[in-house]
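Per-entry structural report
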Amino acid sequence: MTVQNKMVEIKNLYKTYSDGETKVEALKDINIEIYKGEIFGIIGLSGAGKSSLVRCINLLEVPDKGQVIINGKDITKISKSELRKERKNIGMIFQHFNLLMNSTVYENIAFPLKLIKTPKDKIEKRVGELLEIVGLTDKKDVYPSQLSGGQKQRVGIARAIATEPDIIMCDEATSALDPETTKSILSLIKEINQKLKVTVIIITHEMEVIKAVCDRVAVLDKGWIVESGSVTDIYVNPRTITSRKFFKSIDTKLDNRVYQTALKEPGVIISAVFRGETSTDPYISNMIKNYDVEAAILLGNIQSMENMLVGTLVLRINGKKENIEKALKYLKDNDVIVEVIGDD
Ligand SMILES: Nc1ncnc2c1ncn2[C@@H]1O[C@H](COP(=O)(O)OP(=O)(O)OP(=O)(O)O)[C@@H](O)[C@H]1O
Ligand SMILES: [Mg+2]
């Protein structure tokens with residue numbers, strides 16, 4: 001990736017909160033690159049530092065050290081007035097919508113446009129377009145209290161994109177919504193990302209959100225980025241315990257039922273992860289035929305990712321040792337990710 005393709009670059013960023021004697025190191029040596037036009041996820045448990053990171057990216061919070069480079073400009077080094085201008089380039093979407101309760105839907109969406117002194121006729125035209133994009137044309141004159149949670153978030157989204165920012169950041173934007181509404185809000189965000197070419201940063205503690213819309217993801221744990229990369233890569237092969245908790249479709253190591261079975265019966269227990277094309281090919285039956293082994297399915301699961309299907313099987317394989325070795329090699333050679341999780 002060339003420099004021009006990066007929308008956000010965070011370099012060696014640290015953030016500590018100090019309150020007299022107590023110090024909380026909320027962010028430690030954060031390094032992230034977010035490309036133009038992508039949907040980038042940041043996932044972490046409560047207290048991991050997600051909101052701190054958001055506030056450092058839009059510089060509501062000043063980092064102790066490190067750089068936040070947006071569209072090539074280091075915003076830790078610019079003046080307050082320049083910063084105000086830069087902030088307008090980032091639309092924010094919040095968990096609790098943060099709408100003006102005494103203002104109508106129209107006024108809520110018009111608000112950021114008024115702030116930058118957009119002429120009235122232009123505001124009217126733009127709000128009309130935005131209402132159409134988020135599907136709320138008929139709710140123009142109602143108050144937020146008359147809207148459902150999903151509709152409120154649609155207003156929040158329209159407001160966030162009103163001034164045509166390059167970036168929108170969603171901090172737990174769907175966490176207050178039910179699963180169906182979450183889906184519709186995520187597909188709206190995806191649509192906006194594609195049609196308007198906005199770079200989207202999604203902060204969440206929910207794996208489902210990451211899987212549904214993100215291209216790449218960073219896993220945040222106690223202030224550190226413990227892993228980052230393409231969602232499917234991390235999903236099929238998580239390298240850290242924290243990532244495993246979020247990403248592993250079947251946590252075989254922790255699944256006691258599998259272990260109990262494994263202990264009782266002879267054989268090698270493996271997990272096999274099939275991605276995309278490999279998920280439809282008959283590798284298991286080929287393996288059984290060609291290497292003279294038996295395979296029993298202990299657990300199975302198929303997940304639909306942003307642009308790929310991923311299947312996981314936990315198998316017990318029996319046969320001669322050298323045949324099992326060859327069988328596993330055969331799977332690996334065919335791009336199946338194999339992990340031995342128990343062996344008699
Ligand atoms: N203003 C503050 N003053 C002192 N400590 C803070 C402040 N804001 C956050 N922290 C601490 O920093 C750490 C990270 O908090 P942060 O809000 O970034 O987590 P989070 O990942 O957004 O959590 P959640 O999912 O619960 O929103 C926590 O230990 C928190 O207590
Ligand atoms: Mg938070």
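Residue positions are given per chain, counted from 1 along the sequence in the order it is written. For this description, chains carry letters from A and ligands carry numbers from 1, given in the order in which they are written. Two thresholds apply to this predicted model, a pLDDT of at least 70 for residue-level local features and 80 or more for giving and counting side-chain atom pairs, whereas whole-chain, interface and lining totals are computed over all residues. Calculation of side-chain values draws on the structure's entire complement of heavy atoms; hydrogens and water are dropped beforehand.

**A word on the site of ligand 1**
Near ligand 1 the following residues occur: Y17, V24, A26, L45, S46, G47, A48, G49, K50, S51, S52 and R55. By the criterion applied in these results, polar contacts are pairs of N or O atoms within 3.5 Å in which, for protein atoms, one can donate a hydrogen and the other can accept it, and in which residues neighboring in sequence qualify only through two side-chain atoms. Within the backbone of G47, an N or O atom sits 2.8 Å from an oxygen atom of ligand 1. Take K50: an N or O atom from its side chain is 2.7 Å from an oxygen atom of ligand 1. Working definition of accessibility: Shrake-Rupley area with a 1.4 Å probe, residue cover restricted to the visible protein chains. In the complex, the protein chains occlude 59% of the 640 Å² of accessible area that ligand 1 would expose alone. Each residue is tested against the molecule or strand, and it is near if at least one of its non-hydrogen atoms lies within 4 Å.

**A few points about the nonpolar core**
A general feature of soluble globular proteins is that nonpolar side chains tend to end up buried together. Ranked by size, the top nonpolar core spans 53 residues in total, and within it I43, I109, V127, I157, I202 and F247 carry the most contacts. Domain start and stop positions are those given by an automatic or database domain assignment. Counting contributing residues per domain, this core is built from domain 1 (3-247) and domain 2 (256-343), each supplying no fewer than three. In this description, contact between two residues means that some pair of their heavy atoms is separated by no more than 4.5 Å. When sequence neighbours within four positions are dropped, the list of residues in contact with I202 reads I39, F40, G41, I42, C170, I189, V209, V213 and C214. Counting 29 residues, the second-largest nonpolar core is a separate cluster that includes V8, L27, L59 and I203. What makes a nonpolar core is a set of buried Ala, Val, Leu, Ile, Met, Phe, Trp, Tyr and Cys residues whose side-chain atoms join them at distances within 4.5 Å. Between buried and exposed lies partly exposed: a residue is buried under 20% and exposed over 50% of the maximum accessible area for its type, with that area taken using a 1.4 Å probe on protein chains only.

**As for the pairing of strand β14 (residues 337-343)**
A large share of β14 lies buried, amounting to five of its seven residues. Only strands joined by at least two bridges in the DSSP assignment are considered to pair. Think of it this way: any DSSP run of H or I at least four residues long counts as a helix, any run of E at least two long counts as a strand, and we number them from the N terminus. For strand β11 (residues 268-275) and β14, the ladder comprises six bridges, and the chain directions are antiparallel. Counterpart to V268 in the pairing with β14 is D343.

**Considering the domain arrangement of the protein**
Once the domains are mapped, the protein shows domain 1 (3-247) and domain 2 (256-343). Inter-centroid distance (C-alpha atoms) of domain 1 to domain 2 is 39 Å. With 13 residues of domain 1 at the interface, the matching set in domain 2 holds ten residues. With both sides pooled, the region where domain 1 packs onto domain 2 buries about 950 Å², and carbon together with sulfur makes up 56% of that total. The salt bridge definition used is simple: a Lys or Arg side-chain nitrogen within 4 Å of an Asp or Glu carboxyl oxygen. Counting every contact that joins domain 1 to domain 2 gives zero salt bridges. If you look at where domain 1 meets domain 2, you find zero residue pairs in polar contact (both at pLDDT 80 or more). The term buried area refers to how much accessible surface (probe radius 1.4 Å) is lost by two components on association, counted for both of them together.

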